[in-house]
Each structure stands twice: as C-alpha cells, then as structure tokens.
Amino acid sequence: MSDKVRTEFVSRGPYQAKPHLIFPKRQDGRSCHHQYFYRKLVNGERIKRSWLLYSQKNDSLYCFCCKLFSQKEYKLIIAGLNDWKNCHQLLKTHENTPEHTKHMESWKELEFRLQKGQTIDRTEMALTDIERKRWCEVVTRLVAIIQSLAERNMGLRGTCDTLNKPNNGNFLKEVELMAMFDPVMKEHVAKVKRGASHTTYLGKNIQNELIECIGERISAHMIEEIKKAKYYSIILDCTPDISHTEQLSVILSIVTMEEMPQVKEHFMGFLVAEESTGESLSSLILDRLQELNIPFEDCRGQSYDNGANMRGKNKGAQARLLELNPRALFVPCGAHTLNLVLADAAKSSLDATGYFGYLQKLFTLFSASTKRWDILMSHVTTTLKSWSETRWESRVNSIGVVRPFSRGHVPPCRSEVPRYAWVTDFFINLLIYSGFEMATRPHARV
C-alpha cells in the first residue's frame with residue numbers, strides 16, 4: 001500500500017457498522033453482533049473499539065490500523081475474522097498484542113499530524129487536498145446530471161463516447177452544456193480535451209458506477225424508512241419485459257411515523273422469476289427481504305392479482321407466506337378484481353360482445369392505413385381508440401369517441417342485424433364517399 005493511499009484512508013477514518021444494521025445469520029444460526037465493537041474493562045466500563053471494521057460484502061471483521069501499517073498476514077488483515085463462536089476471545093487477544101499497540105500509535109500519530117497540517121510533505125498534501133476538492137465538485141455535477149436525466153426517464157449514452165460528437169448521448173451533451181456556463185466543468189472539459197488527465201469520469205463505466213451508487217443510497221434511505229415504520233405490506237406482480245423475461249416487481253407499503261402519517265409505497269426492484277409457481281415466487285420475495293435485512297416477521301399484509309399461483313389457498317404464494325407469518329393477511333387487488341367482474345359481466349351479454357367487437361374492427365380499419373386515417377380526420381374531429389383485453393377502463397375511451405354518432409335517431413335495420421352496426425356503416429360510407437375503393441382492398445373490410 002502506497003503512502004498516498006494510506007494517508008487517504010487515515011484522513012477518512014474507519015467505517016464502522018451502524019447501530020441499526022442487522023447482521024446476516026449463517027446456516028448454524030450464528031452472526032456478528034454490535035457487542036463485538038465494544039471492549040469491556042474490569043470496572044465494567046465499555047469502550048468502543050474504533051479500530052474494528054465490518055465488511056458487509058464479506059461478512060467479516062478487520063483491524064483498521066493493522067491493515068494499513070502491518071506487513072504480516074493474518075485473518076484480521078487479509079481474509080477477515082468471521083469465527084463468531086470465538087470472536088470475543090480472538091479480538092481480546094489481538095488488541096493486547098504489542099504489534100497492534102504499535103500500529104495504533106502510528107495511526108493516531110498520522111491522524112493528528114494530518115489534522116494539524118504538520119506532516120513532512122505539507123506542500124504535497126495541500127496540493128492533494130485541492131485536487132480532491134476539485135474532483136468532489138466535478139463528481140457532484142455529474143451526479144446532478146444523472147439525476148436530472150433519470151427523473152425524465154431519458155437515456156444517458158449514445159453511439160459515441162467522445163465529447164463534441166453528434167451522437168454522444170444525453171449525458172455528454174449535458175456536460176458540454178454545463179461547461180459553457182460553469183467554471184468547474186469548463187476547466188474539467190478543457191483538461192480532457194488537452195489530454196492532461198487519463199481519468200475523465202465521463203466514460204460508460206463510471207456512469208454505471210454512479211448510477212449504482214445513487215441506487216444504493218436511495219435503497220438505503222427506503223430501507224431505513226421501512227425499518228423505522230417497522231410494519232409493512234407486500235405488493236407483488238409479474239410482468240414479462242421486452243426480452244420475454246418474467247420479472248417480479250417488489251413493492252413495500254408502509255405508514256410513516258411522522259407528525260402527519262403518510263402511506264408510502266417503495267419500489268424495491270425487479271426479480272427474475274424463472275418459474276411462476278407459488279413456491280418459487282414466495283422463495284424469491286423471502287430471499288429479497290433477507291438481502292435487504294428486512295424481517296418478514298414484521299409483514300402485516302399481502303396484495304397480489306387473482307392468479308392461482310398467487311392467491312391459491314393451498315399452494316399459492318400467499319398461502320406459503322401465511323404459514324411462515326400468520327399475521328401477513330392476504331388482500332386481493334381491488335382494481336384487478338373489479339376488472340375481472342366487469343369483463344366477465346360484459347362477456348355474458350352478446351350485445352356487449354358484438355358492440356366492442358365492432359369498435360375494435362373500426363380502429364383496425366382506419367389505423368391500418370394512413371390514407372384512411374387522413375379521410376377520417378378530414379370529416380370528424382375525433383379519433384378512434386383501441387381497447388385492451390385485460391384493461392377494462394380502456395374500453396371506456398373506445399366508447400367515448402363514437403358516442404356522438406350514437407345519439408339522436410337510429411336508422412331502422414333488419415332484426416337479424418345488430419342495431420349498433422349502423423355506426424360501422426357510417427364510417428365505411430365515409431370512406432366510399434371520399435372515393436376510397438373498398439372492393440379493391442379486401443383487408444380493409446370490417
């Protein structure tokens with residue numbers, strides 16, 4: 001480890017576990033505890049071990065000062081300590097060794113000199129501090145650009161990753177725009193153009209890292225809010241994406257503990273559902289909650305659609321989760337239930353089925369050709385709407401556009417022909433009146 005890196009770590013100080021952190025348990029049931037970060041003296045007083053670090057990635061403990069100054073290799077430096085059964089004794093033995101005491105003195109002495117500015121290379125340290133502040137200002141602006149693009153749901157990259165190119169993407173275009181008015185970004189872009197620095201923080205890799213860091217901070221804030229509220233409900237739904245991969249969206253609903261309580265729903269990400277069975281989906285959500293260190297015992301509600309794999313009373317996801325937590329009551333989605341009721345009720349009526357069928361054929365007739373659509377727009381001030389098979393509210397929009405033509409006198413028609421068919425005839429006659437040859441276009445017939 002170089003002196004520059006060591007100095008940077010000392011200036012930042014050790015990162016210790018936060019008080020609300022829930023440590024993961026291993027298969028034997030053992031885990032790290034917050035009590036390991038304190039040393040108990042003979043008189044009963046507890047002193048915090050400022051040198052002890054915890055790695056969430058490796059689930060291990062490390063010695064900060066020995067990691068920086070020691071040349072030896074042992075668990076608290078290289079692999080980390082995760083022997084939770086003997087952890088108390090091992091930490092006590094380590095902190096009483098002469099080598100640990102020596103490294104503690106070196107750490108505190110360097111920390112004191114950095115705070116007082118009394119290091120031997122004070123000039124170099126001052127230049128390093130100026131460079132550090134400059135990079136902090138640059139990264140702050142880059143993060144702001146990414147947040148602005150993300151809020152508008154806009155992509156970052158283009159086909160080129162070079163400044164001042166036509167297709168270099170929204171991110172670099174925003175950097176170029178900011179450089180026109182902001183002195184910090186102007187200086188940074190000028191250095192990039194001169195090739196004064198190989199590190200630009202403008203490439204695709206650093207963009208992905210910044211997005212990941214922002215996402216982690218947002219997730220940490222949401223998890224902290226969920227733990228503060230303690231009780232929550234689960235909302236799940238499976239949807240295939242454009243690559244035909246089944247994705248399970250996870251949403252946790254809470255009531256915030258504030259002066260004015262609010263109901264909030266936090267989106268915790270997508271999970272790839274390789275199988276759509278109740279067992280597989282319940283395992284997915286339980287694993288996700290364990291990764292987020294959110295106890296499932298605090299769950300008080302479940303809300304899914306009316307699929308058999310979700311709401312099944314024997315093998316559905318809600319039944320399996322209810323066995324683990326009897327207080328996680330299942331409530332079916334009200335909107336989805338109402339949609340099913342309306343769809344089934346409409347299908348039971350032949351008139352309703354035929355009416356919506358005619359509306360869909362009208363939309364298909366005009367939307368399949370730009371010429372037919374222009375004829376429609378030249379005679380009426382409304383546009384036809386399509387309807388979805390699974391979204392009943394979309395059919396309201398399809399009715400609204402033809403409602404003006406349904407008012408008034410209905411022309412007489414034969415009994416075997418539906419009385420709403422004249423609306424379709426009206427639009428077809430509109431095409432014939434405009435000179436559109438229906439006989440030569442069999443695909444345009446309704």
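Remember, it's a predicted structure, so these values are computed and weren't measured experimentally. (Residues numbered from 1 in each chain as written. Predicted model: local features only at pLDDT ≥ 70, side-chain atom pairs only at ≥ 80, totals over all residues. Heavy atoms only, no water.)

Overview of the overall build of the protein
Heads up, the condition is: A run of H or I in DSSP counts as a helix once it spans at least four residues, and a run of E counts as a strand once it spans at least two, with each numbered from the N terminus. Categorising residues by exposure relies on relative accessible area from a 1.4 Å probe, with only protein chains included: less than 20% of the type maximum marks a residue as buried, more than 50% marks it as exposed, and the intermediate range marks it as partly exposed. The contact criterion used throughout is that any non-hydrogen atoms of two residues lie within 4.5 Å. Where accessible areas are quoted, they stem from the Shrake-Rupley method and a 1.4 Å probe; at the residue level, only the protein chains shown are allowed to cover.
Scanning the protein from terminus to terminus reveals 17 helices and nine strands. A total of 446 residues make up the protein; the buried ones form 35% of that total. Of all intrachain contacts in the protein linking residues separated by at least 6 positions in sequence, the fraction that spans at least 24 positions is 54%. Surface summary for the protein: the accessible area is close to 28400 Å², and the carbon and sulfur share equals 54%.

Focus on unusual backbone geometry
Leaving glycine aside, a negative phi is the common case for residues, and trans is the common case for peptide bonds. Its identity as a non-glycine residue notwithstanding, Asn164 has a phi of 60°, on the positive side. In this model, Lys230 sits at a positive phi of 75°, which is unusual for a non-glycine residue. In this structure Lys230 comes out as partly exposed when scored by relative accessible area, which is 42%.

Structural notes on the sheet that holds strand E8 (residues 299-303)
Just so we agree on the cut-off: Pairing between strands is defined by DSSP: at least two bridges between the two strands are required. Interaxial angles span 0 to 180 degrees and are taken between N-to-C directions of axes, which are lines fitted to C-alpha atoms, for helices over the stretch in contact.
Spatial ordering of the open sheet is given by E7-E6-E5-E8-E9, a layout of five strands whose pairing is mixed. Only two strands of the sheet have a single neighbouring strand rather than two, namely strand E7 (263-272) and strand E9 (329-330). One ladder, built from two bridges, connects E8 with E9; its direction is parallel. The residue of E9 that forms the bridge with Gly301 is Leu329. Helix-sheet contacts for helix H8 (residues 204-229) involve strand E5 (232-240), strand E6 (246-255) and E7, and the interaxial angle to E7 is about 125°. Contacting E8 and E9, helix H11 (residues 317-324) runs over the sheet at an angle of about 170° to E8.

Thoughts on helix H7 (residues 183-194)
We count it as follows: How far a helix is expected to stretch is found by multiplying one less than its residue total by 1.5 Å. Any pair of N or O atoms that falls within 3.5 Å is considered a polar contact. Within protein, one atom must be able to donate a hydrogen and the other to accept it, and sequence-neighbouring residues count only if both atoms are side-chain atoms.
Look at H7: 16 Å from first C-alpha to last across twelve residues, which is about the 16 Å you get at 1.5 Å a residue. You can read the cap of H7 off the contacts: a side-chain oxygen lies 3.3 Å from the backbone nitrogen of Val184, and it is on Asp182. Just beyond H7, the residue with positive phi is Gly195, at close to 75°.

Comments concerning the pattern of salt bridges
Note the cut-off: When a carboxyl oxygen of Asp or Glu is within 4 Å of a side-chain nitrogen of Lys or Arg, the pair counts as a salt bridge.
Under the defined criterion, the tally for this structure stands at twelve salt bridges. When the shortest N-O distance is used, the salt bridge between Arg26 and Asp28 registers 3.5 Å. With a relative accessible area of 32%, Arg26 lands in the partly exposed category. On the accessibility criterion, Asp28 (48% relative accessible area) is partly exposed. Arg152 serves as the salt-bridge partner of Glu174, at 3.9 Å between the closest nitrogen and oxygen. Taken as a pair, Glu174 in helix H6 (residues 169-179) and Arg152 in the loop between helix H5 (122-151) and H6 lie far apart in primary sequence, 22 residues in all. Judged by its relative accessible area of 26%, Glu174 is partly exposed.

Section: the state of the cysteines
What counts, and what does not: In plain terms, two cysteine sulfur atoms within 2.5 Å form what is called a disulfide here.
Counting across every chain of the model gives zero disulfides. Lacking any disulfide linkage, Cys87 is separated from the closest cysteine sulfur, that of Cys32, by 6.3 Å.

Some thoughts on the side chain of Arg134
Considering the arrangement of structural elements, one finds Arg134 in helix H5. Here Arg134 is in contact with Glu187, His188 and Lys191, once residues within four sequence places are set aside.

Section: the packing of helix H1 (residues 3-12) against helix H4 (residues 98-116)
The following threshold applies: Here the angle decides the label: under 35 degrees means roughly parallel, over 145 means roughly antiparallel, 65 to 115 means roughly perpendicular, and every other value means oblique. Residues are grouped as follows: nonpolar covers Ala, Val, Leu, Ile, Met, Phe, Trp, Tyr, Cys and Pro; charged covers Asp, Glu, Lys and Arg; every other residue, Gly included, is treated as polar.
At their nearest, the axes of H1 and H4 sit 10 Å apart, and the two run at 80° to each other. As far as their axial angle goes, H4 and H1 are roughly perpendicular. For the pair H1 and H4, the contacting residues are Thr7, Val10 and Ser11 in the first and Trp107, Leu110, Glu111 and Leu114 in the second. Here the residues of the contact of H1 with H4 are counted per class, giving four nonpolar, two polar and one charged.

Overview of the packing of aromatic side chains
Rule in force here: Pairing of aromatic side chains requires ring centres within 6.5 Å, counting the rings of Phe and Tyr and the six-membered ring of Trp. Pairs whose planes differ by under 30 degrees are stacked, by over 60 edge-to-face, and all others tilted.
Inspection of every chain in the model, using the stated rule, returns seven aromatic pairs. Both rings, one in Phe23 and one in Phe37, keep their centres 6.5 Å apart while their planes meet at 15°; by these two values the pair is stacked. Note that Phe23 is positioned in the loop between H1 and strand E1 (38-40) and Phe37 in the loop between H1 and E1, a separation of 14 residues in sequence. Accessibility classification places Phe23 together with Phe37 in one group, the buried group.

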